[in-house]
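# A structural walkthrough
The lines below spell out each chain.
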Amino acid sequence: MAVIVALGAFLMTLLGGWTAQRVTDRRHLVLGLAGGLMLGVVGLDLLPEALHAAGREVFGVPLALLLFVAGFLVAHVVERLLAVRQAAHGAESGARVPEVGLTAASAMVGHSLADGVALGAAFQVGGGMGVAVALAVITHDFADGFNTYTLTSLYGNDRRKALMMLFADAVAPVVGAASTLLFTLPEEPLGAYLGFFGGLLLYLAAAEILPEAHHKHPALSTLMCTVGGVAGIWLVVGIAE
């Protein structure tokens, strides 16, 4: 059942990527929406789940929050190192680094893989839990596909690479769900991963996606797309609960 549901997530991911691809003439709106979706996923979905699953503290701070900060810092350091490396090879200052886009998209693929694992683990617990997680995974995989294609393209990668990363993101939840036929997932490592991934996503949304969305088009419509993205994730989380 988990694998069958994951096929629905596969289709929703492709639909999200197709939507991002079709509205390139409204790029600022796409980026504004992507930033809102990512912010909503981090604050309303990933962090609460991470704090619940990885609840133990390390030197007075919840492990999930420590890894959240670590994820943010790792994303920043990796981007700066790649930018410095590209500048050393003659690239203009401030130019987009394609490797950053591929790295970010790879992290999205990893997250989708974890979604599939979480889906399979939920069905191990029981049918009711499985249905609730399935609803959450299928609906927010639209956002995952949308963001994966947008991130890959934003950093200057060509359409072929963006589609390749989108397809990998679509397949990932199916692979993750199928893998749970072989093992049972411990809760704490999943929570730790979610905290780390949340920090990485927040960096991309706050430092890259949203500034780019408002740089040339500081319009109210762009801002409303961002707010709408957050509200959409809130709706998904509320329905899933």
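Look a little higher up for the structure.
Per chain, the residues get numbers from 1 upward, laid out in the order the sequence is written. A pLDDT threshold of at least 70 governs which residues receive local features in this predicted model, and a stricter bar of 80 or more applies before side-chain atom pairs are shown or counted, although totals over entire chains, interfaces and linings include all residues. In computing side-chain values, all of the structure's heavy atoms are included and hydrogens and water are not.

## Structural notes on the overall build of the protein
Here a helix means four or more residues in a row that DSSP labels H or I, a strand means two or more in a row labelled E, and each is numbered from the N terminus. Scanning the protein for helices and strands turns up 8 helices and 2 strands. The order of α-helices and β-strands along the protein, N terminus first, is α-α-β-β-α-α-α-α-α-α. By residue count, 45% of the 241 residues in the protein fall in the buried class. The contact criterion used throughout is that any non-hydrogen atoms of two residues lie within 4.5 Å. A fraction of 83% describes how many contacts in the protein between residues 6 or more apart in sequence connect residues 24 or more apart. Whether a residue is buried, partly exposed or exposed follows from its accessible area with a 1.4 Å probe, protein chains only, as a fraction of its type maximum: under 20%, in between, or over 50%, in that order.

## Description of helix α1 (residues 2-22)
Under the convention used throughout, the expected extent of a helix is 1.5 Å for every residue step, that is, one less than its residue count. With 21 residues, α1 extends 30 Å from end C-alpha to end C-alpha; this agrees with the ideal 30 Å at 1.5 Å per step. Listed as buried for α1 are Ala2, Val5, Ala6, Ala9, Phe10, Thr13, Gly16, Gly17, Ala20 and Gln21.

## Considering helix α6 (residues 159-179)
The end-to-end C-alpha distance of α6, which contains 21 residues, comes to 30 Å, matching closely the 30 Å that a straight helix rising 1.5 Å per residue would cover. Two axes enter the definition of the bend at a residue: one is fitted to the seven residues ending there, the other to the seven starting there, and the bend is the angle between them. Within α6, the axis deviates most sharply at valine 171, by approximately 30°, and proline proline 173 lies no more than four positions further along. When α6 is considered as a whole, its buried residues turn out to be Ala162, Met165, Leu166, Asp169, Ala170, Ala172, Pro173, Val174, Gly176 and Ala177.

## Some thoughts on empty space enclosed by the protein
Only protein atoms enter the calculation, which uses a 1 Å grid: trapped sets of points that fit a 1.4 Å probe without letting it out are cavities, open sets showing protein on both sides within 12 Å along at least five of seven lines are pockets, and any residue with an atom within 4 Å of a point is a lining residue. Grid points are joined across faces, edges and corners, and a volume is the space filled by probe spheres set on the points. A full pass over the atoms with the stated rule returns 1 cavity of 30 Å³ or more. Taken as a whole, the largest cavity holds about 30 Å³ of empty space. Every residue along the wall of the largest cavity is listed here: Met38, Val41, Met108, Asp144, Asn147 and Leu201. Contributions of two or more residues to the lining of the largest cavity are made by α2 (27-53) and α5 (127-154). Counted by class, the lining of the largest cavity contains 4 nonpolar, 1 polar and 1 charged residues. Under the scheme applied, nonpolar residues are Ala, Val, Leu, Ile, Met, Phe, Trp, Tyr, Cys and Pro; charged residues are Asp, Glu, Lys and Arg; polar residues are all the others, including Gly.

## What to know about unusual backbone geometry
A positive phi angle is found at phenylalanine 59, which is not glycine, with a value near 55°. Relative to the helices and strands, phenylalanine 59 is located in the loop between β1 (57-58) and β2 (61-62). Judged by its relative accessible area of 87%, phenylalanine 59 is exposed.

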